[in-house]
Amino acid sequence: MQILGGMRVKKFLTASLSLFALLTFVLCITAWCFTYRGDEEAGPENAYESRVVLGFAQLGAESEWRSSSSLSVREAARKRGIELMFVNARQKQENQIKAIRSFIAHRVDVIAFSPVVETGWDNVLQEAKAEGIPVVLVDRSIRTEQEGLYVAFLGSDFVEEGRRAGRWLLDRYADFTGRVRIVELRGTEGASPTRGRDEGFREVIARDGRFEIVRLLRGDFMRSRGREEMERLLSDGRFPSVDGVDVLFAHNDDMAMGAVEAMEEHGIRPGRDVVVISVDAQKSALDALRRGKVNCVVECNPYIGDQLMDLARRLAAGLDVPALTYSDETVYTADDLENLPSRPW
Ligand code: AHR
């Protein structure tokens, strides 16, 4: 009897253990199926790969715009469940090249970077290509004679931004008969936004002989440098001039804000004594537009993180991507004060 009872207990224990093992197995499979998408927000078009590693070499932190751009990339990667290797190259091309080489060594799925200057990338991009790692240019472009060093560009049309600034100026002074003297406060030399904005602006103002660029200042896209350059200009006492219209065309908001501070310290009213045109449309410039210290702000969109993550997922899955994606951008002036976008920065 005792032996029989012992066998029943044994059978019962074996059956319970098998049931437990089966249940655990079913639970594990279910959990795997749910986590395989790698991202709780991913729709079917984002579910190509469970794990995507993106190496992103940001050029630096020179401006408010750049901080917004970095934040947009980090946030989008977190939301989409993309593993991001982020490097701040502190305005140095050699640091960006080093970062790209380390991404290649880590065998990331996709490399993206915002090139600080346009030239000098051929060798490192050939290395990425040889390893079969697709490269996306974000925000700024490069110049090269070689084909196929990158698969996509995602960012702004800088030449068009310069044209927009020029068109606004020509329009604003359409009925004015005197000279319009322009001081151009340029960004980093050798960078695509500097070349593009300059090219587009000159192309438009060249249509009217009254408009002339009389001084070039170099502010490297930084507020402190914009301020210094304007102070230097003001100290020679010839700006603003006493007749005609004086204009400051700043290649970004940070430099414009630095120059505005310097003008105010010299008793000059920016927006009235000097017409101010800026590019980016970050919070500080939109506030200055509201207060009448800036007259025209050409938008340059830094919020491209989500689009970049879409490209990275498609590329990691071996799918095609558009070779060129320009952001939708506009121009803000005193006529738009009711409808200015609200910006965190
Ligand atoms: O490349 C975009 C430019 O770089 C932005 O206009 C400027 O603010 C930034 O530093």
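Look up a bit, the structure's there.
Residues numbered from 1 in each chain as written. Predicted model: local features only at pLDDT ≥ 70, side-chain atom pairs only at ≥ 80, totals over all residues. Heavy atoms only, no water.

## Looking at the site of the ligand
Every residue close to the ligand is listed here: E62, S63, W65, R66, D139, R140, F158, P193, R197, F221, N252 and D280. Within the side chain of E62, one N or O atom sits 2.3 Å away from an oxygen atom of the ligand. Within the contact set of the ligand, an oxygen atom lies 2.8 Å away from a side-chain nitrogen or oxygen of D139. Against a free-state accessible area of 280 Å², the protein chains account for coverage of 100% of the ligand. (Near = heavy atom within 4 Å. Polar contact = N/O pair within 3.5 Å; in protein donor to acceptor, adjacent residues only side chain to side chain. Areas by Shrake-Rupley, 256 points an atom, 1.4 Å probe, with all protein chains shown as cover.)

## So, the sheet that holds strand β5 (residues 152–155)
Strand order across the open sheet formed by six strands is β2-β1-β3-β4-β5-β11, with parallel pairing between neighbours. The open sheet has two edge strands, β2 (83–88) and β11 (324–326), and neither has a second partner. On average, each strand axis in the sheet is tilted by 15° relative to the strand beside it, whichever way the strands run. Of the pairings in the sheet, the one linking β5 to β11 comprises three bridges and is parallel in character. Counterpart to F153 in the pairing with β11 is L324. Strand contacts of helix α3 (residues 93–105): β1 (53–58), β2 and β3 (110–113), with the helix running at about 170° to β1, the strand carrying the most contacts. (Pairing = 2+ DSSP bridges. Helix = DSSP H or I, 4+ residues; strand = E, 2+ residues; numbered from the N terminus. Axes fitted to C-alpha atoms, helices over the stretch in contact; angles between N-to-C directions. Contact = heavy atoms within 4.5 Å.)

## Overview of the environment of F176
Turning to its location among the elements, F176 is positioned in the loop between α5 (158–172) and β6 (180–186). Look at F176 and you get partly exposed, because its relative accessible area is 28%. Along the sequence, F176 and G244 sit 68 residues apart, while their C-alpha atoms lie 9.2 Å from each other. Other than its neighbours up to four places away in sequence, F176 contacts R210, G244 and V245. (Buried < 20%, exposed > 50% of the residue type's maximum accessible area, 1.4 Å probe, protein only.)

All quantities given are derived from atomic positions and should not be read as evidence of function.
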